[in-house]
Every structure is written in structure tokens, then in C-alpha cells.
Amino acid sequence: MQQVSLVPISAALRLEDAMDEVLGRVLGELNELEGFSFQIRTVEEKVEGPFVVLIMSGGSERKTVDFVADKPDPIVLLAHPSNNSLPAALEIATYLQGMGRQICLVQTLGNWIEEVRDLLTAILARNRLQGLRIGRIGYEDETRYPFTGDPVELIRKNWGPEVVDIPFVEVIERYQQYSGHPQATEPAQGIVQASTGVKEPSADDLRGAAAVYLALKEIAGDYELAAVALKCFDLLPALQNTACFALAKLNEDGIVAACEGDIISALGMLLLRELTGEPSFLANPSMVDVEAGQITLAHCTIPRTMCSEHAVRSHFESGLGVAFQGTLPDGVYTLFRIGGGTLQDLYVAKALYVSSGQDERLCRTQVTLQFAERGKALSLLRRPLGNHHLLVRGDHADKLRIYAQLFLSTNPGQMR
């Protein structure tokens, strides 16, 4: 439960008893938000962590400006439609914006509760991203990044996380420690137990996949990583196995894990986790049907918690190791990608589940989706931000749009 302070501010000449009804109503509605708990704090108290300022009446401008002077941006201001609350809030917002502050003014009408929720969710996600560590294990092909600057620095500057380079040999050495170790038995058995069946992988493949998982999990712990981006194809000649199971299991454990050394996708997966609490499916767009407004995504690793069922298969390109052929459940999804020259452009699209496939010419897990806006199919092809896209359950376009408006300074955060 996230604690949030509600700070009511009114003019000294107003009778506080007259404000009780408004304050009680606002507090009651705010406390209906799942995952949040709001408590009243006064301007005299030390307020730490997230907070919302409720402008109770006219004449509260100076008190509010003084209160937020040492507080971090963005500031969430609430105004209600009586007692000159909105006029005062407009004056406050105008003054603070003129002083270079970032203000989010919300009036307590309509779906204001959802707007406050999304604002606070974005602010908290931003706070949590600061200083998180993404472990890059192996270097990706430089042609993946059309940036004028170092993508590592762009991630740190524009988003917060730090990228830590980890020698690839560490994976090999730790894998060798766990290969054949009894500790690998349980995760190896777990690969089979939750599945609908095993097709290509042998018992040795299962044990090897479990050893890769244990090696990466140990690295994540030792380096205090929130995410890893592994150049997984380099494992194929060295181990005759893949990281498909390891990456899936890490994502299920709450450690974001991206394949092909893709630190940009690892960043996007971190953001989605912080904004939505959900894991995501990192996949290749294999087909975009502009006329039908549909897209097919495919890849060999997916968090099994995203699947209604799954089978254990080999890695598509190599025929080695352990991968998953998952079936995704019906429902609404959000397709997402970070990119652009300064790493501040976003592709966001709402989509509806159509089907899961088993085409032997594609990576193992395949899903076809119908774009809610057909134009999103064409924009993905005409102005692409890259190959890998992220799929997450639910409609989270508004959360991502609010995050971009609050924290991305270029344009501010082009939404494609």
C-alpha cells in the first residue's frame, strides 16, 4: 500500500469547519483508489514522499507557494468547484509555472480520481527508476541504435537507470558451477511441470537451461540489478543451450530480463513494470497487415505468467535448448516501444487479442492482435522506432502518455 499525503490549504480568514464536508468527500474518494492510502497532513508538518495539495479556498496562494518551495516537481494540485478553489489554483499554477515549476492541476469533477491515480503512478515510477541498475552482458550490434549520443548515457540522463557492463565470461563460469549441480534439479523439473508437454528438449537441455537461470539470477543479486540484457546468441556456441527459459523465469521472479543484449527494451520493460505492475513480452513484429489493422508478434521467450498455457520447445533459430510456445489469453493489450534519436520517442498502441499461432516458420510464441486504431499499423511501418516491441496486458496508453508529458522533455515525448 502506497502512503500519500493529502495537504489541504485554505485562507486564514476562512472558517475551517466550513471546509470539512469538502475535505471529507475528497479524502473518501481518494481512499477508494486501489493500492493507495491517503492521510491528511498540514503545511506545518514535515511531508515526505508523494503528496497532493488540495486548494480549499481562495486566498490560499501564498501558503501554497511557500509550502511547495522545497518540494520536488511535479506538484499535483487539486481544486474543487466551490469557495473560489479553482480561481486560487489557477493563480498558483500560473505563478509556479512561470517560476519554472511543473504543475498538474486537476479539478474534482468527472473521472478525476483516475487522473490523480495515473499522475501519482507516473511520479512514483519515475522515482523508483532513479538509480536502478541494468546489467548489460555482451554488446549488441551498434546498428540497433540510431543515436547521436551514447545510449547508456541517454538512458541515465532521460530515464534514470544506470547501465552496468558485466563480462560475458561470468555467465559461462557461473553456469559451469551450476551445471550438473543438484540445485538445478528443482528449476529443471519446474520447466516441465507447469507445461502442456515437451517436444524437442532433452533432460540435459532442461538441466542446462536451469543452470543458465541460476547463473543469471546469481549475477543479478551480486550486482544488485533490477534488470539484465543478455546477448543470448553468444551462449549457443559456448553452451549449446539458450537463455530463453532463464529470461522467462527471471521476469516471473520480478527481475526484468531482455534478450539479444537489448538495453533499450530492458529499459522499456522496467518502465512497464513500474507503471503497471505487469511483466511484458519482448517480441519481433513478424507481420503487420495495414489493411486489416493487425500485427503478429513472435519470440522464443515469454513470462509464463502471461500465458494461459504453454509447451516446452527448442529455440527456433538454432533448434537448441529450451524455449516456450505460449498461448496468450483473450483481452486488451498495450504495445510499446522506446526509441528516437534522443531516446524520448514512444510508440504506444492499444490492441485486442485475436489468436495465438504455431507456425513452424516463426519463433515459438506467436500472437496476432487487432489494433484499436488501424492507423497504428501504418505508423509502425512508416516511422519505426526499432524491431523489438513490448506487449503488456491491459490498456495502459494513458499512463504512458502522462509519463511522457511529465518527464520527457523533447517535444515532449513524441507519441507515435
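Our subject is the structure listed above.
All values derive from a computational prediction rather than experimental measurement.

Draft legend 1. Expanded view of the environment of G394. By the element assignment, G394 lies in the loop between strand 17 (389-393) and helix 13 (397-407). A relative accessible area of 21% places G394 in the partly exposed class. Expressed as a C-alpha distance, the spacing of G394 and T276, which sit 118 residues apart in the sequence, is 8.6 Å. Once you skip the residues sitting within four places of it in the chain, G394 turns out to touch V332, Y333 and T334.

Draft legend 2. Summary view of the sheet that holds strand 2 (residues 36-40). Here five strands make up an open sheet; going across it, the order is 2-1-3-4-5 and the pairing parallel. Edge strands, defined here as strands with exactly one partner in the open sheet, are strand 2 and strand 5 (103-107). Taking each pair of neighbouring strands and ignoring which way they run, the sheet shows an average axis angle of 30°. Here helix 1 (residues 20-30) sits on the sheet in contact with strand 1 (2-9), strand 2, strand 3 (51-55) and strand 4 (75-79), set at roughly 165° to strand 1. Along the sheet face, helix 2 (residues 61-68) touches strand 1, strand 3 and strand 4 and points at about 170° away from the line of strand 3.

Draft legend 3. Structural detail: the packing of aromatic side chains. In the structure shown here, the tally under the stated rule is six aromatic pairs. Measuring from ring centre to ring centre gives 5.7 Å for W159 and Y403, while their planes differ by 5°; the resulting arrangement is stacked. Of this pair, W159 sits in the loop between helix 5 (151-158) and strand 7 (162-166) while Y403 sits in helix 13, and the two are 244 residues apart along the sequence. For the pair W159 and Y403, a shared accessibility class is recorded, and that class is buried. Put simply, the rings of W159, Y403 and F407 pair up and form one aromatic cluster. Positioned above the aromatic ring of F67, the side-chain terminus of K71 is 4.1 Å from the ring centre. Of note, K376 hangs over the ring of Y347, and the distance from its end group to the ring centre comes to 5.7 Å.

Draft legend 4. Looking closely at helix 10 (residues 244-253). Most of helix 10 is tucked away: seven of the ten residues are buried. Among the residues making up helix 10, those that are buried are C244, F245, A246, L247, A248, L250 and N251. Contacts made by the buried residues of helix 10 are with helix 7 (185-193), helix 8 (203-222), strand 8 (227-230), strand 9 (256-259), helix 11 (263-276) and strand 13 (323-327).

Draft legend 5. A look at unusual backbone geometry. Each neighbour pair has its own omega, and for D73 with P74 the value is -5°, a cis peptide bond. Within the secondary structure layout, P74 lies in the loop between helix 2 and strand 4. The backbone of N84 shows a phi angle near 60°, a positive value even though the residue is not glycine. Relative to the assigned elements, N84 resides in the loop between strand 4 and helix 3 (85-98).

Draft legend 6. The pairing of strand 8, seen in detail. Here strand 8 shows no split at all, with A227 and A229 on one side and V228 and L230 on the other all buried. With four bridges joining them, strand 6 (residues 133-137) and strand 8 adopt parallel strand pairing. Among the inter-strand pairings, G135 is bridged to a residue of strand 8, identified as V228. In terms of strand pairing, strand 8 meets strand 9 through four bridges, oriented parallel. What sits directly across from A227, in strand 9, is V256.

Draft legend 7. Molecular detail of the pattern of salt bridges. Scanning the entire structure with this criterion turns up 25 salt bridges. Here E360 makes a salt bridge to R313, at a shortest N to O gap of 3.2 Å. With E360 in the loop between strand 15 (345-357) and strand 16 (365-371) and R313 in strand 12 (residues 309-313), this residue pair connects regions lying 47 residues apart in the sequence. Classification of E360 as partly exposed rests on a relative accessible area of 44%. The partner of D398 in a salt bridge is R401, and the shortest N-O contact between them spans 2.9 Å. Taken together, the positions of D398 and R401, both in helix 13 and three residues apart, correspond to about one turn of that helix. R401 gets classed as partly exposed once you look at its relative accessible area, which sits at 34%. Among the charged side chains, a network of salt bridges with common partners joins E170, R174, E218 and D222.

Draft legend 8. How the structure looks around the sheet that holds strand 10 (residues 281-289). Reading around the circumference, 10-11-16-15-14-17 is the order of the six strands in this closed barrel, with antiparallel pairing throughout. The average angle at which neighbouring strand axes cross in this sheet is 45°, direction not considered. Judged from the four bridges that link them, strand 14 (residues 332-339) and strand 17 form a sheet pairing that is antiparallel. Paired with F336 across the two strands is L390, which belongs to strand 17. Those strands touched by helix 11 are strand 10, strand 14 and strand 17, and its axis lies near 135° from that of strand 14. Relative to strand 15, helix 12 (residues 375-382) is tilted by about 120°, and along the sheet it contacts strand 10, strand 11 (294-299), strand 14, strand 15, strand 16 and strand 17.

What counts and what doesn't
Residues numbered from 1 in each chain as written. Predicted model: local features only at pLDDT ≥ 70, side-chain atom pairs only at ≥ 80, totals over all residues. Heavy atoms only, no water. Helix = DSSP H or I, 4+ residues; strand = E, 2+ residues; numbered from the N terminus. Buried < 20%, exposed > 50% of the residue type's maximum accessible area, 1.4 Å probe, protein only. Contact = heavy atoms within 4.5 Å. Pairing = 2+ DSSP bridges. Axes fitted to C-alpha atoms, helices over the stretch in contact; angles between N-to-C directions. Phe/Tyr/Trp six-rings, centres within 6.5 Å; stacked < 30°, edge-to-face > 60°. Lys NZ or Arg CZ within 6 Å of the ring centre and 35° of its normal. Salt bridge = Lys/Arg side-chain N within 4 Å of Asp/Glu carboxyl O.

Everything listed here is a matter of coordinates, which is why it stays silent on function.
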